[in-house]
There are 2 protein chains.
Amino acid sequence: MEYIYSKENKRIKYLKKLSSSASYRREEGVFVAEGLRLCTDALDSGADVVSAYFSETFFNAHREFAEQAEDGIKESFILRDSIFSAVSDTKTPQGVLFVIKTLDKTIDFDTIKDNGKVLALENVQDPVNLGTILRTAEALGVDAVVLSSGCCDVYSPKVVRGSMGAVFRLPMHIAADLPEFIRVFNSFGTSYAAVLDRDSVSLSEGLDKGAVLAVVGNEGNGMTPEAVAACTNKLYIPMRGGAESLNVSAAAGIIIWEMVK
Amino acid sequence: MEYIYSKENKRIKYLKKLSSSASYRREEGVFVAEGLRLCTDALDSGADVVSAYFSETFFNAHREFAEQAEDGIKESFILRDSIFSAVSDTKTPQGVLFVIKTLDKTIDFDTIKDNGKVLALENVQDPVNLGTILRTAEALGVDAVVLSSGCCDVYSPKVVRGSMGAVFRLPMHIAADLPEFIRVFNSFGTSYAAVLDRDSVSLSEGLDKGAVLAVVGNEGNGMTPEAVAACTNKLYIPMRGGAESLNVSAAAGIIIWEMVK
């Protein structure tokens, strides 16, 4: 256990950069999880924790947790409280933060060919929406989530927090070419574009029983025409109200529910 | 159209207080809606707009909208941009803000007795969750939403924004005694407590066809025992994942979907 006394310490700069830069996270292959609940969850999930950081106050209050955590983690550090606050993404930091390796993101098609339920997200931008969707997908039992490269980073601190640790466990794949991914999926399953169109079918009629891929689009603009065209089917959620629109995480939640139930 | 040049103007203090204080909103019987989309929505919904506030920049860019709006609104004001920023709830204000009368909150039981679908929320605390739930409830066609008095204020700026204007249109009722409301509902319909318990039934088995009330609880603690006991039925959303929990707005969305479809 090392102590860090200065904000100029290179570790502090490293943590700040990891929290703020998606491209640096990708380069390093790691991300940051903060808070007792998430960090406990990371250990329970068997996530690959590279290093741990504790504030002095946290360390003194949760010595047992910190020492247990230290056993399985290569490097751990204690930070003066004011320094911890500087690297924290929250207003009232709990005082514990792990650096964790990103998951291997390949989806094993063999395991989803028969009856796999896969959710794809195209250009979902809001980290709160993305976190909620990942949490719902994991809780309801989606087999994998595919994200277009235009989605916000799944390893941003807000997404990690909102996902309630789903990012530690849920098989995820970043598709550089989402329409191409959809076409590959079509060779063994049915794909649905969530889009209101002349030939869309109502979600209340239910989805296919076999391998199913459901694709949900961007908050403001929905799906791209290319991704819609790649799907074998189109579906819409029937609405009656004046607003005539759902938040993307609400829409995704309902579609996931119909897909897995 | 009056001009406001000073932050010390009593209107400015009034707007700030309306944005920040739920009890003041209740006292005055009004709330604030901000942004072009919401304000247009308020006019289209026939909401009772008491006064309108425009920033100079907005007024010059949207003179037609401002002048049309002025027709139906008793008082309207133009604010220097820096003053508008001071009353705005957003980081990058669009420059338009309406003060609107709260809706009459009584629910007409005669209209929901036969086949009404009602959602009740007990002590939902987060304004983002509440806004999303109201938006989903309206879009999918819930007939009314009942809120326990422990819920966060439905007229807080964040809820109004997140609801996408559903607060202008959705029949809502604040129940001082939610268990009592549930018991009254039971005299003509079926009530479901969203709670995982020994005798809960799975949501995948579907809900009753007639008048249905579904109750969802607080983010951290779920429903109170009193409200659970008042319900005729209990239901749970079957989950498979490691997290074993859904965000309350995701859970409410799925329950609403099953209730109305």
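Quick notes on the rules
Residues numbered from 1 in each chain as written. Chains lettered and ligands numbered in written order. Predicted model: local features only at pLDDT ≥ 70, side-chain atom pairs only at ≥ 80, totals over all residues. Heavy atoms only, no water. Contact = heavy atoms within 4.5 Å. Buried area = accessible area lost by both parts, 1.4 Å probe. Salt bridge = Lys/Arg side-chain N within 4 Å of Asp/Glu carboxyl O. Polar contact = N/O pair within 3.5 Å; in protein donor to acceptor, adjacent residues only side chain to side chain. Helix = DSSP H or I, 4+ residues; strand = E, 2+ residues; numbered from the N terminus. Pairing = 2+ DSSP bridges. Axes fitted to C-alpha atoms, helices over the stretch in contact; angles between N-to-C directions. Buried < 20%, exposed > 50% of the residue type's maximum accessible area, 1.4 Å probe, protein only.

Novice: Quick one: what's the story with the interface of chain A and chain B, residue by residue and with numbers?
Specialist: On the side of chain B, 29 residues touch chain A, which itself brings 29 residues to the contact. In terms of surface lost to chain B, no three residues of chain A exceed Arg135(A), Ala139(A) and Trp257(A), which account for 24% of the buried area on that side. Here Glu258(A) and Lys261(B) are joined by a salt bridge, their closest N and O atoms 2.8 Å apart. Our enumeration of links across chain A and chain B arrives at 12 residue pairs in polar contact (both at pLDDT 80 or more). Among the elements that make up the side of chain A that touches chain B, the one with the highest residue count is helix α8 (residues 127–140) of chain A (6 residues).

Novice: Account for the sheet that holds strand β6 (residues 117–121) of chain B, with residues named and values stated.
Specialist: Residue and element names in this part refer to chain B. With parallel pairing, the 7 strands of this open sheet are ordered in space as β8-β7-β6-β11-β9-β12-β10. Two strands bound the open sheet, and with one partner strand each, they are β8 (172–175) and β10 (201–202). By the bridge criterion, 3 bridges tie strand β9 (residues 190–194) to strand β12 (residues 233–236) in an arrangement that is parallel. Note that in β12 the partner of Ala194 across the bridge is Leu235. Relative to strand β11 (residues 212–216), helix α13 (residues 248–260) is tilted by about 170°, and along the sheet it contacts β6, β9, β11 and β12.

Novice: I'd like a description of the pattern of salt bridges, backed by residues and values.
Specialist: Applying the stated rule across the entire model yields 24 salt bridges over all chains. A salt bridge links Asp41(B) to Arg169(B), with the nearest nitrogen and oxygen atoms 2.9 Å apart. With Asp41(B) in helix α3 (residues 36–44) and Arg169(B) in helix α10 (residues 166–169), this pair connects stretches of sequence that are 128 residues apart. By relative accessible area, which is 18% here, Asp41(B) ends up buried. Overall, Arg169(B) belongs to the partly exposed group, its relative accessible area being 24%. Across the pair Asp197(B) and Lys234(B) runs a salt bridge, and its minimum N-O distance is 3.0 Å. Of this pair, Asp197(B) sits in the loop between β9 and β10 while Lys234(B) sits in strand β12, and the two are 37 residues apart along the sequence. Taken together, the shared-partner salt bridges connect Glu258(A), Lys261(A), Glu258(B) and Lys261(B) into one network.

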